[in-house]
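# Observations on the three-dimensional arrangement
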Amino acid sequence: MKLFNPEDCLILVVDDVKMNLQIMANILDKEGYEVTLASNGYQALERVYSAQPDLILLDLMMPEINGLEVCEKIQCNPELADIPIIFLSASQEQDHLLKAFEKGAVDYLTKPFNTGELLARVKMHLELKYSRQKLKKLLEEQVALVQQLEKLANTDTLTGIWNRRYLLIVAEQEIKRSQRYNFSFSVLLIDIDKFKKINDTYGHNVGDEVIIFMTQIVINNLRKPDCFGRFGGEEFVVLLPETDTDEALIVAERIRTSIQNQSITVEDKQVSITISIGVSGYHLGDKTIDTMIQRADQALYQAKNQGRNRVIIHHID
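Residues numbered from 1 in each chain as written. Predicted model: local features only at pLDDT ≥ 70, side-chain atom pairs only at ≥ 80, totals over all residues. Heavy atoms only, no water.

- If you check an unreviewed UniProt entry, the protein chain appears there as Diguanylate cyclase from Okeanomitos corallinicola TIOX110.

The structure is reproduced here in structure tokens:
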């Protein structure tokens, strides 16, 4: 399988001898490569920055700024560091060869070079470059796919907020932090009042829009560290790290009043809702999040029994 077309590849040739530039340009041009030329190191750097070639054939020994310095400057730029550089030099000294590779060269040819060998090495390093790029793109696509699958597995399809599964994972992490460092930690259990009546009166499509409307208001009243998700049906959970029940009460009341004071228009129907919230805080001896959620559920039950549209904190005697 062909990895690249020569006509799609731009090769920068750098040499301070005009005849050498012409010879290499002719060789590469016959193979179909696009070629750009530079006769000194400073010009080479300008061409690299402006054209970003696919490969560089770089003369080692040049006046003012030599090939090693040019290579080093290119390698220092993250946007250019992936460009393969092949050094060309009449010098066969081992020290020059080692320095070329230390600076980031991928290959080295001595002058006078064999045309077939030059083209073979150019082709090999272009193929390696395009193979790396293809592999990198494939890995990025796979990572994106994994992230997308993880998000689907952890979020509620209707609202886009976290689902019960992920909420419980985060909640267990938070309760372990509270156990280890004696941090405050609170849970809000939120229920939309008379949601069944909304569905029965207006239909499930309106019910879905009401849920989306309510979740957005809750999100707008939370901090970044807080975690919010759908626990099931019209029931939602907010996790408030490093927050005691007095602070949690303030958050819960802010959410409750925000929802009470707003309404949603769906299919020409004006719908107002209220919510009830049960609050519980972490106590020494709480081993799992289930204990905290059970207490929040008891507080929510009291809120419903006391007329709905209210916040109740579960107090441990």
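On we go.
### Considering the nonpolar core
- Among the nonpolar cores identified, the biggest contains 32 residues, and L188, V218 and I273 are the most heavily contacted of them.
- Those elements that place two or more of their residues in this core are β6 (185-192), α7 (195-202), α8 (204-220), β8 (235-241), α9 (245-260), β9 (263-266), β11 (275-281) and β12 (311-313).
- Top element by residues in this core is α8. It accounts for seven residues.
- Apart from residues lying up to four places away in sequence, V218 is in contact with I190, F228, V238, I255 and I259.
- Within the second largest apolar cluster, 22 residues are counted, among which are V14, A38, L58 and I85. (Core = buried A, V, L, I, M, F, W, Y, C linked by side-chain atoms within 4.5 Å. Buried < 20%, exposed > 50% of the residue type's maximum accessible area, 1.4 Å probe, protein only. Helix = DSSP H or I, 4+ residues; strand = E, 2+ residues; numbered from the N terminus. Contact = heavy atoms within 4.5 Å.)

### Here's the deal with the sheet that holds strand β7 (residues 227-232)
- Sheet architecture is open: five strands sit in the order β7-β8-β6-β11-β12, paired in mixed fashion. Strands with a single pairing partner mark the edges of an open sheet, and in this sheet they are β7 and β12. On average, each strand axis in the sheet is inclined to that of its neighbour by 20 degrees, with strand direction left out of account.
- Judged from the five bridges that link them, β7 and β8 form a sheet pairing that is antiparallel. By the bridge assignment, R230 is partnered in β8 with F236.
- Helix α6 (residues 164-181) rests against β6, β7 and β8 of the sheet, and its axis sits at about 130 degrees to β7. (Pairing = 2+ DSSP bridges. Axes fitted to C-alpha atoms, helices over the stretch in contact; angles between N-to-C directions.)

### So, the sheet that holds strand β1 (residues 10-14)
- The strand order β2-β1-β3-β4-β5 describes an open sheet built from five strands, whose pairing is parallel. Both edges of this open sheet fall to β2 (34-38) and β5 (107-110), since each of them pairs with a single strand only. Put simply, the sheet's adjacent strands are angled 20 degrees from each other on average, direction ignored.
- One ladder, built from four bridges, connects strand β3 (residues 55-59) with strand β4 (residues 85-89); its direction is parallel. Along β4, the bridge assignment pairs L57 with I86.
- The sheet contacts of helix α2 (residues 41-51) involve β1, β2 and β3, and relative to β2 the element is tilted by about 145 degrees.
- Here helix α5 (residues 115-154) sits on the sheet in contact with β1, β3, β4 and β5, set at roughly 170 degrees to β5.

### Concerning the pairing of β3
- For β3, the buried fraction is high: five of the five residues fall into the buried class.
- What you see with β3 is no split at all: L55, L57 and D59 on one side and I56 and L58 on the other are buried throughout.
- By the bridge criterion, four bridges tie β1 to β3 in an arrangement that is parallel. Its bridge partner being in β3, L12 is matched across the sheet by I56.
- With helix α3 (residues 67-75) bridging β3 and the parallel β4, this β-α-β connection has right-handed handedness. (Right-handed = clockwise from strand over helix to strand, strands pointing away.)

### Re the packing of α2 against α3
- With their axes 10 Å apart at the nearest point, α2 and α3 run at an angle of 25 degrees to one another. For the element pair α2 / α3, the angle class is roughly parallel. Of the two possible hands of crossing, α2 and α3 adopt the one that is right-handed. Facing α2, whose interface residues are G41, A44, L45, V48 and Y49, α3 presents V70, K73 and I74.
- The class makeup of the residues in the contact of α2 with α3 is six nonpolar, one polar and one charged. (Parallel < 35°, antiparallel > 145°, perpendicular 65-115°, else oblique. Left-handed = near helix turned anticlockwise from the far one by under 90°. Nonpolar A, V, L, I, M, F, W, Y, C, P; charged D, E, K, R; others polar.)

### Some words on a nonpolar patch on the surface
- A cluster of nonpolar side chains, V17, M19 and I23, forms an exposed patch at the surface whose accessible area comes to about 270 Å².
- Tracing the chain through its elements places V17 in the loop between β1 and α1 (18-30). (Patch = residues over 30% accessible without salt bridge, like charges linked within 9 Å, V, L, I, M, F, W, Y side chains within 5 Å. Areas by Shrake-Rupley, 256 points an atom, 1.4 Å probe, with all protein chains shown as cover. Salt bridge = Lys/Arg side-chain N within 4 Å of Asp/Glu carboxyl O.)

### Structural notes on the packing of α6 against helix α10 (residues 289-305)
- Where α6 meets α10, the axes come as close as 9 Å, and the angle between the chain directions of the two elements is 105 degrees. Regarding the angle of α6 to α10, the classification is roughly perpendicular. Packed against α6, whose contacting residues are L168, A171, E172 and I175, the element α10 presents I289, M292 and I293 at the interface.
- Split into classes, the residues belonging to the contact of α6 with α10 amount to six nonpolar, no polar and one charged.

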